[in-house]
Amino acid sequence: MWRKKGLFLFLAAIVLVLAACGTKDSEEETTSTEGDAKQKIIVGTEATFAPFESMNDKGEIVGIDVDILNAIATEMNLEIDMRNVGWEPVFQQLKNGELDLGASGITITEERKETYDFTVPYYEATQLIVVKEDSAIASLEELADKKLAVQINTTGHIAARKLQGETSSDIRAFENLPTAIQEVINGGAEAAIGDNAVVLEYLKNNPDAKLKTIESDDFEKEYYGFMVKKGNQELLDLINEGIEKIKENGKLAEITGQTIQ
Ligand code: ARG
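Residues numbered from 1 in each chain as written. Predicted model: local features only at pLDDT ≥ 70, side-chain atom pairs only at ≥ 80, totals over all residues. Heavy atoms only, no water.

Chemist: Even after reading the chapter, I still don't get the sheet that holds strand E12 (residues 191–195), so can you show me in this structure?
Modeler: In a beta sheet, neighbouring strands are held together by backbone hydrogen bonds and run either parallel or antiparallel to one another. Read across the sheet, five strands follow the order E11-E10-E12-E9-E13 without closing on themselves; strand pairing throughout is mixed. Looking at strand neighbours, the two that pair on one side only are strand E11 (171–174) and strand E13 (211–214), the edges of this open sheet. Across the sheet, the axes of successive neighbouring strands diverge by a mean angle of 30°, strand direction being ignored. In this structure, strand E9 (residues 127–132) lies alongside E13, joined through four bridges in antiparallel fashion. Note on E13: the bridge partner recorded for Val131 is Lys212. Of the strands in this sheet, E9, strand E10 (148–151), E11, E12 and E13 are in contact with helix H6 (residues 177–186), which crosses E12 at around 155°. (Pairing = 2+ DSSP bridges. Helix = DSSP H or I, 4+ residues; strand = E, 2+ residues; numbered from the N terminus. Axes fitted to C-alpha atoms, helices over the stretch in contact; angles between N-to-C directions. Contact = heavy atoms within 4.5 Å.)

Now the structure itself:
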């Protein structure tokens, strides 16, 4: 009886030792392959925002944000899976974990920082007013009681609310910026307010739309960052390291055409 128990314990001990070795072996295997296996990052965007993100005729998402992410991916050995999910879904899907990263010309704001974390800035922007070529409007103040078109829940929308008040019924908010600008062309709004580089790109690509832009010092400087769910420090550190690397090697400035600290 006692002898049997002794033998059992002995065998049990051997099993435990072997099991421990087994674990060690498989752990080593995963570490050794880590060098080649790329970490996949699921990125969400709204791709009607040229030159930052738009769809080409092959159905691919292209633009400055894509180029920056690809440059970071090369430095940090990452695989980028970019999806055109729409503007508001970028925020929702980041929150519920369907996306890892938001890359959509997103301005770093104090309000967004309550729910998300941002990388260091990679681009400086500001708002720009767009009106019809023959419009008499010459300043932001003159738009205080005019119909405005913006992309919903963007910094352009916030600027319009700041001008006209939170509850103004003269602000029309659209899913994307091109639709907001179209509203000006159609005569449904006197002006649209949107990110400067994107408005200028729209005018360049639509020379027959007969639009012009108006600048205003009342618009603050804005900085774009990539956005993660609050607390995803690991991914934040990874992307920040990538941004620092492409700042240092000149790649970021080459892509954006501007230098940022
Ligand atoms: N920079 C602005 C913001 O963060 C607008 C960004 C809109 N981006 C887009 N891909 N539609 O509010």
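Chemist: Looking at this structure, I do not really get the nonpolar core. What am I missing?
Modeler: Soluble globular proteins tend to pack their nonpolar side chains together in the buried interior. Counting 49 residues, the largest nonpolar core has Ile68, Ile72, Leu101 and Phe226 as its most contacted members. No other element matches helix H2 (residues 64–76), which puts eight residues into this core. Excluding residues within four positions of it along the chain, Ile72 makes contact with Leu78, Phe226, Ile239, Gly242, Ile243 and Ile246. In this structure, Val131, Leu143, Ile171 and Ala191 belong to the second largest nonpolar core, which totals 14 residues. (Core = buried A, V, L, I, M, F, W, Y, C linked by side-chain atoms within 4.5 Å. Buried < 20%, exposed > 50% of the residue type's maximum accessible area, 1.4 Å probe, protein only.)

Chemist: Would you explain the packing of H6 against helix H7 (residues 196–205) in this entry?
Modeler: Two elements in contact, H6 and H7, have axes separated by 11 Å at closest approach and are oriented at 60°. With respect to their mutual orientation, H6 and H7 come out oblique. The handedness of the crossing between H6 and H7 is right-handed. In contact with Leu177, Pro178, Ile181, Gln182 and Ile185 of H6, H7 contributes Val198, Val199 and Tyr202. Among the residues making up the contact of H6 with H7, the classes are represented as seven nonpolar, one polar and no charged. (Parallel < 35°, antiparallel > 145°, perpendicular 65-115°, else oblique. Left-handed = near helix turned anticlockwise from the far one by under 90°. Nonpolar A, V, L, I, M, F, W, Y, C, P; charged D, E, K, R; others polar.)

Chemist: Please explain the site of the ligand as it appears in this structure.
Modeler: Every one of the 14 residues lining the ligand counts as a neighbour, but Glu46, Ser104, Gly105, Arg112 and Asp195 are closest to it. Here Gln151 contributes a side-chain N or O atom positioned 3.1 Å from a nitrogen atom of the ligand. Notes on the ligand: free accessible area 350 Å², of which the protein chains cover 99%. The cavity that encloses the ligand is the largest cavity. A class-by-class count of the residues in the shell around the ligand yields four nonpolar, six polar and four charged. (Near = heavy atom within 4 Å. Polar contact = N/O pair within 3.5 Å; in protein donor to acceptor, adjacent residues only side chain to side chain. Areas by Shrake-Rupley, 256 points an atom, 1.4 Å probe, with all protein chains shown as cover. 1 Å grid on protein atoms, 1.4 Å probe; cavity = no way out; pocket = protein on both sides within 12 Å on 5 of 7 lines; lining within 4 Å. Sits in = over half its atoms within 2 Å of the grid points.)

Chemist: Any chance you could explain the environment of Leu94 here in plain terms?
Modeler: Considering the arrangement of structural elements, one finds Leu94 in helix H3 (residues 87–95). Measuring from C-alpha to C-alpha, the distance between Leu94 and Lys229 comes to 5.7 Å, with 135 residues separating the pair along the chain.

Chemist: Please clarify how helix H5 (residues 155–164) should be interpreted in this entry.
Modeler: Quick reminder: α-helices carry 3.6 residues per turn. Residues three or four places apart thus point the same way. Buried residues of H5: Thr155, Gly156, His157, Ala159, Ala160 and Gln164, and no others. Looking at the residues trailing H5, positive phi occurs at Gly165, about 95°.

Chemist: Would you explain the sheet that holds strand E4 (residues 61–62) in this entry?
Modeler: One open sheet accounts for three strands, arranged E2-E3-E4; its pairing is antiparallel. On the outer flanks of this sheet lie strand E2 (48–49) and E4, each paired with one strand and no other. Bridge analysis of E2 against strand E3 (residues 53–55) gives two bridges, and the strand direction is antiparallel. Bridging across to E3, Phe49 finds its partner in Glu53.

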